[in-house]
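Take a look at the letters that make up each chain.
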There are 2 protein chains.
Amino acid sequence: MKLGTTDKMEAPKVRAPNIRDVARLAGVSYQTVSRVLNNAESIKPSTKRRVLEIIEQIGYRPNQAARALVTSKSRTIGVLTSQTAHYGPTTSLHAIEDAAREAGYLITTTSLSTSDQGSITEGLEHLMAQAIEGLVVIAPQVRVFDAFRQLALTIPVVTLDSTGQGAPRSLSVDQIAGARMATNHLIGLGHKDIVHVAGPRDWIEAEARMRGFLDAISTADLRTHRPILGDWTADFGYHVGTELLDFRDFTAVFAGNDQMALGLLHAFRNAGLDVPGDISVVGFDDVPEARHFFPPLTTVRQDFAELGRRSIALLVGEIEGETDLDHAQILPELIVRDSTARACR
Amino acid sequence: MKLGTTDKMEAPKVRAPNIRDVARLAGVSYQTVSRVLNNAESIKPSTKRRVLEIIEQIGYRPNQAARALVTSKSRTIGVLTSQTAHYGPTTSLHAIEDAAREAGYLITTTSLSTSDQGSITEGLEHLMAQAIEGLVVIAPQVRVFDAFRQLALTIPVVTLDSTGQGAPRSLSVDQIAGARMATNHLIGLGHKDIVHVAGPRDWIEAEARMRGFLDAISTADLRTHRPILGDWTADFGYHVGTELLDFRDFTAVFAGNDQMALGLLHAFRNAGLDVPGDISVVGFDDVPEARHFFPPLTTVRQDFAELGRRSIALLVGEIEGETDLDHAQILPELIVRDSTARACR
DNA sequence: ATCGGCGATGTGTACGTTCACATTTCGCGA
DNA sequence: TCGCGAAATGTGAACGTACACATCGCCGAT
């Protein structure tokens, strides 16, 4: 049963007030009310005041559906996000919401259950149905990104978390540089055998970090260990850490994110090894908990919030017809804590 | 510049096809098309097939704004969430999205920047403007919850993460029971002086967990330590842990969530103390990383996903006029790991 | 005094859909 | 063959808003 409606009684005509009700009570035409609503110029201050008074008084709210129907505008920005509970996307999303609110836009978020074309199309249609004026895609997976290429949208689009290559409008933290920084940090400490536990195959960031890692390794002319493909979870880090110890042909591990690093720390500790004494570990992301790991984790900080803010700045700029927008990549930062040390052998 | 539009050339009238275009091409009236769209009965199969063919062919999509304007229906469920990056709400949200999709509903999420009445009203209006048929409120803060009470909505509402008391439709994991379980676990291990590091004042869960803690303490007739109010972060846990050690008048700590527990572990470790040898620590939530903490954390698991699924089941039930719905609270589960041990003195 | 022009406001219509009701078509028994 | 009811389809509104254009005063310049 719905709250607030009566069941048996005659419906007491509870229709919400519309623009004509306001007009009638204010003694003006509906068009004048419309002008007040869209704060047009050339309206007498006294009239405006009177109309606003009535609006306040009867609690009139413009009907967005009607407005969207006629204008195809909505002051709404859509966010399409692949469904993940990961720290990065979530943080960016929050920053996006704040930035959009500040710019006077509303945000509608829809998340993808899967990353196949159908799911993307469905999510997109839902957003388009709300007459969104711009779209932010937080799509860390390659597939989503590809699927998007095929859609010719008529609104500005900004893509997050890509490598920034080839996409029309994309914004990202420079993952490759970050991975290079992490790897070079280990190399600088004298490590010669470094293992990389990467993220899943189809994640753009996983790919980029792997590339940065391999770059740094081959530049330093070190032995290349084949990266291990993980799933971002601490559980995976733990398992792979345990297996890795069977060989013990490395002195440092660069994990694709902080969670997997945590699992690795756990596995090494369980085996009686000391981090960083025996093995160095570097993570990626700098989640708020990373500094409280044991030992506090050396990692690469990404400014996800800045990423979110910039995406909205870019998008709003495009919507409002600005040019000369800032597409620069954001540089990550290496945070050195206690999980890395000079190689012992 | 918008993608997909040409700048200089005359606009080539790219109006999206509407129901009348379909009707004309199919040689029927627009109403017949409408009937096909809403799969009404009494429509000749051959006609239906023909219409569907045309729809497919010209890529017609019903205009939701127009539909919403006239029906005030949208097969959309709104989610109003207070803006947090916390594990629980995020996990529930994902479950909600999946469950809704399965039930044939779409989800629109709007998050609150602040929890004042104005922000809530604004968020709600945005959702109502999309003609949502039901509303899920993920509002862990007392203020949000209170503000909602004042709004007389005409659609079904389900509130998450409350204590389940007094709200018309609310669903939650029984926080009080969970806190009691955690505290009794410590009491059972012989701890007589237990400190509770709680969440912020206005969080409903924080309050409930505190209540469960105090319940258990007073039932066991132990000395009551005044709970410390925190902010859920690991950083806070670390700082309070450091300060707590100045007195050292306790043998166990029950943290309001796993992050704060992590900070406590860090602080105690830094001070040269052993967990659980010297101090036992219990968390709350069982985030996926908790088992990889050092030591693996004893905590209370909440099934956030189940919570999300149940909320949609409840809401869809109400929307579709079902009765006899399941409002039972979900019971949390104590997960005993290595951060708790028998009290040493 | 007349008229152009501008500020302020009103009128008609379109947006794309669904609802209520009207109309046509069809099959079948009398 | 007719008529009748049900099935199938069509017609005219209405939803609430914004845009294009029309109208009405009024002021100052000619």
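Note on numbering: residues in each chain are counted from 1, in written sequence order. The naming scheme follows written order: chains are lettered A onward, ligands numbered 1 onward. Only residues with pLDDT of at least 70 are given local features in this predicted model, and only at 80 or more are side-chain atom pairs given and counted; all residues enter the totals for whole chains, interfaces and linings. Water and hydrogen atoms were dropped before computing side-chain values, which therefore reflect all heavy atoms in the structure.

1. Considerations on the side chain of Thr90 of chain B
Then, in step 1: Helix and strand assignments follow DSSP, with helices taken as H or I runs no shorter than four residues and strands as E runs no shorter than two, numbered in order from the N terminus. Within the secondary structure layout, Thr90 of chain B lies in helix 5 (residues 87–102).
Then, in step 2: We call two residues in contact when some of their heavy atoms are within 4.5 Å. The contact partners of Thr90 of chain B, leaving out residues within four places of it in the chain, are Ala85 of chain A together with Thr84 and Ala85 of chain B.

2. As for the domain arrangement of chain A
All names here are of chain A.
Then, in step 1: Marked domain ranges trace back to an automatic or database domain assignment. What the domain assignment lists for chain A is domain 1 (19–62), domain 2 (71–173 + 305–328) and domain 3 (175–303).
Then, in step 2: The distance between the C-alpha centroids of domain 2 and domain 3 comes to 30 Å.
Then, in step 3: Between domain 2 and domain 3, the residue contacts involve 18 residues of the former and 14 residues of the latter.
Then, in step 4: Buried area is a sum: the accessible area each of two parts loses on coming together, probed at 1.4 Å, counted once for each and added. A combined buried area of about 1,400 Å² lies between domain 2 and domain 3, and 58% of that area is made up of carbon and sulfur atoms.
Then, in step 5: Looking only at domain 2, the three residues that lose the most surface to domain 3 are Tyr87, Pro140 and Val173, adding up to 38% of its buried area.

3. What about the relation of the copies chain A and chain B?
Then, in step 1: Here the copies are superposed with least squares, the fitted atoms being C-alpha atoms of residues at a pLDDT of at least 70 in both. Taken as rigid bodies, chain A and chain B are interconverted by a rotation of 180° and an axial shift of 0.1 Å, the fit giving an RMSD of 0.2 Å. The operation mapping one copy onto its partner corresponds to a two-fold rotation axis. Judged by C-alpha distance, Ala65 of chain A is the residue of chain A that lies nearest the rotation axis, at 2.4 Å.
Then, in step 2: A share of 98% of the interface residues of chain A reappears at the interface of chain B, consistent with the copies meeting face to face through the same patch.

4. Some thoughts on the pattern of salt bridges
Residue and element names in this part refer to chain A.
Then, in step 1: Here, a salt bridge means any side-chain nitrogen of Lys or Arg that lies within 4 Å of a carboxyl oxygen of Asp or Glu. According to the stated counting rule, one finds 18 salt bridges over all chains in the structure shown.
Then, in step 2: The partner of Arg310 in a salt bridge is Glu306, and the shortest N-O contact between them spans 3.4 Å. Linking Arg310 with Glu306, this pair stays in helix 12 (residues 304–319), spanning 4 residues, or about one helical turn.
Then, in step 3: Among the residues examined, Arg310 registers a relative accessible area of 17% and is labelled buried. Exposure classes here rest on a 1.4 Å probe applied to the protein chains alone. A residue is buried below 20% of its type maximum, exposed above 50%, and partly exposed in between.

5. Re the protein's contact with DNA strand C
Then, in step 1: Neighbouring residues are identified by heavy atoms, a residue being near a molecule or strand if any of them is within 4 Å of it. What surrounds DNA strand C is a group of 29 residues, the closest being Thr32 of chain A together with Ile19, Arg20, Ser34 and Tyr60 of chain B.
Then, in step 2: Backbone atoms, meaning sugar plus phosphate, form 51% of the atoms of DNA strand C positioned within 4 Å of the protein.
Then, in step 3: N or O atoms closer than or at 3.5 Å make up a polar contact, with two conditions inside protein: a donor-capable atom paired with an acceptor-capable one, and, for residues adjacent in sequence, both atoms drawn from side chains. At a separation of 2.7 Å, a phosphate oxygen of DNA strand C approaches a polar backbone atom of Ser29 of chain A.
Then, in step 4: Residue Tyr60 of chain B places a side-chain N or O atom 2.4 Å away from a phosphate oxygen belonging to DNA strand C.
Then, in step 5: Elements supplying a minimum of two residues to the surface near DNA strand C: helix 2 (30–37) and helix 4 (64–71) of chain A together with helix 1 (19–26), helix 2 (30–37) and helix 4 (64–71) of chain B.
Then, in step 6: The element best represented in the surface near DNA strand C is helix 4 of chain B, accounting for 5 residues.

6. Structural notes on the interface of chain A and chain B
Then, in step 1: At the interface, 54 residues of chain A touch 54 residues of chain B.
Then, in step 2: When chain A packs against chain B, close to 4,800 Å² is buried across both sides, 56% of that on carbon and sulfur atoms.
Then, in step 3: If you look at where chain A meets chain B, you find 0 salt bridges.
Then, in step 4: For the pair chain A and chain B, the interface holds 8 residue pairs in polar contact (both at pLDDT 80 or more).

7. Some points on empty space enclosed by the protein
Then, in step 1: Buriedness of a pocket was judged along seven lines, with at least five required to meet protein on both sides within 12 Å; pockets are open sets of points on a 1 Å grid over the protein atoms alone, cavities are sets where a 1.4 Å probe fits but cannot get out, and lining residues have an atom within 4 Å of a point. Grid points are joined across faces, edges and corners, and a volume is the space filled by probe spheres set on the points. Across all of its chains, the model carries 5 cavities of 30 Å³ or more by this definition.
Then, in step 2: By volume, the largest cavity is sized at about 270 Å³.
Then, in step 3: Around the largest cavity sit 21 residues that line it, and Thr90 and Leu93 of chain A together with Thr90, Leu93 and His94 of chain B are the ones nearest its centre.
Then, in step 4: Elements with a contribution of two residues or more to the lining of the largest cavity: strand 1 (76–82), helix 5 (87–102) and strand 2 (106–112) of chain A together with strand 1 (76–82), helix 5 and strand 2 (106–112) of chain B.
Then, in step 5: For the second largest cavity, the lining is made up of 14 residues, of which Arg101, Leu106 and Ile107 of chain A together with Thr110 and Ser111 of chain B are closest to its centre.
Then, in step 6: Any residue outside Ala, Val, Leu, Ile, Met, Phe, Trp, Tyr, Cys, Pro, Asp, Glu, Lys and Arg is labelled polar, Gly included; the first ten of those are nonpolar and the last four are charged. A per-class count over the lining of the second largest cavity returns 5 nonpolar, 6 polar and 3 charged.

8. Section: the pairing of strand 8 (residues 252–255) of chain A
All names here are of chain A.
Then, in step 1: Side chains Ala252 and Phe254 of strand 8 all project onto a buried face; the interleaved residues Val253 and Ala255 project onto the opposite face, where all are buried too.
Then, in step 2: A pair of strands counts as paired when DSSP detects no fewer than two bridges linking them. As defined by bridge partners, strand 8 adjoins strand 9 (residues 280–282) across 3 bridges and the pair is classed as parallel. Within the sheet, the bridge partner assigned to Phe254 lies in strand 9 and is Val282.
Then, in step 3: A clockwise path from the first strand over the helix to the second, with the strands pointing away from the viewer, defines a right-handed crossover. Where the polypeptide runs from strand 8 across helix 11 (residues 258–270) and back to strand 9, its parallel neighbour, the crossover connection is right-handed.

9. Considering the packing of helix 10 (residues 234–244) of chain B against helix 11 (residues 258–270) of chain B
Residues and elements named next belong to chain B.
Then, in step 1: Two numbers describe how helix 10 lies on helix 11: the axes approach to 6 Å, and their chain directions differ by 40°. The pairing of helix 10 with helix 11 is recorded here as oblique in orientation. Handedness of the crossing formed by helix 10 with helix 11: right-handed. Listed contacts from helix 11 to Ala234, Phe236, Gly237, Tyr238, Val240, Gly241 and Thr242 of helix 10 are Gln259, Met260, Gly263, Leu264, His266, Ala267, Phe268 and Asn270.
Then, in step 2: When the residues that make up the contact of helix 10 with helix 11 are grouped by side-chain class, the tally is 8 nonpolar, 7 polar and no charged. Fitting a line to C-alpha atoms yields each axis, with helices limited to the stretch in contact; the angle taken between N-to-C directions then spans 0 to 180 degrees. Every angle not falling under 35 degrees, over 145, or within 65 to 115 is termed oblique; those three ranges are roughly parallel, roughly antiparallel and roughly perpendicular. The handedness criterion is simple: a crossing whose near helix is rotated anticlockwise from the far helix by less than a right angle is left-handed, and one whose near helix is rotated clockwise is right-handed.

10. A look at helix 11 of chain B
Residues three or four positions apart in an α-helix share a direction because the helix packs 3.6 residues into each turn.
Residue and element names in this part refer to chain B.
Then, in step 1: The terminal C-alpha atoms of helix 11 lie 18 Å apart, and with 13 residues this matches the ideal 18 Å at 1.5 Å per residue to within 8%.
Then, in step 2: Counting buried residues in helix 11 gives 12 out of 13 residues, a clear majority hidden from the surface.
Then, in step 3: Those residues of helix 11 that fall on the buried side of the exposure criterion are Asp258, Gln259, Met260, Ala261, Leu262, Gly263, Leu264, Leu265, His266, Ala267, Phe268 and Arg269.
Then, in step 4: Elements that come into contact with the buried residues of helix 11 comprise strand 6 (194–198), helix 10, strand 8 (252–255), strand 9 (280–282) and strand 10 (299–301). To estimate the expected span of a helix, subtract one from its residue number and multiply by 1.5 Å.

11. With respect to the nonpolar core
Then, in step 1: Membership of the largest hydrophobic core comes to 51 residues, with the highest contact counts inside it found for Phe268 of chain A together with Phe268 of chain B.
Then, in step 2: If you list the elements that add at least two residues to this core, you get strand 6 (194–198), helix 10 (234–244), strand 8 and helix 11 of chain A together with strand 6, helix 10, strand 8 and helix 11 of chain B.
Then, in step 3: Those residues in contact with Phe268 of chain B that sit more than four places away from it in its chain are Gly241, Leu245, Phe250, Val253, Leu273, Val275, Ile279 and Val281 of chain B. To form a nonpolar core, buried Ala, Val, Leu, Ile, Met, Phe, Trp, Tyr and Cys residues must be joined to one another through side-chain atoms within 4.5 Å.

12. Quick look at the confidence of the model for chain A
Then, in step 1: Averaged over all residues, the pLDDT of chain A equals 86, while 91% of them reach at least 70.
Then, in step 2: A low-confidence stretch, residues 1–13 of chain A (pLDDT under 50), is modelled with 9 contacts involving residues beyond four sequence positions or located in other chains. Confidence scores labelled pLDDT are given residue by residue by the predictor and lie between 0 and 100.

13. Regarding helix 1 of chain B
All names here are of chain B.
Then, in step 1: For helix 1, every residue scored as buried is listed here: Asp21, Val22, Ala23 and Ala26.
Then, in step 2: Residues of helix 1 that are buried sit in contact with helix 2 and helix 3 (45–58).
Then, in step 3: Where helix 1 begins, the capping side chain belongs to Asn18, and its oxygen is found 2.9 Å from the backbone nitrogen of Arg20.
Then, in step 4: The first or second residue beyond helix 1 is Gly27, which carries a positive phi of 70°.

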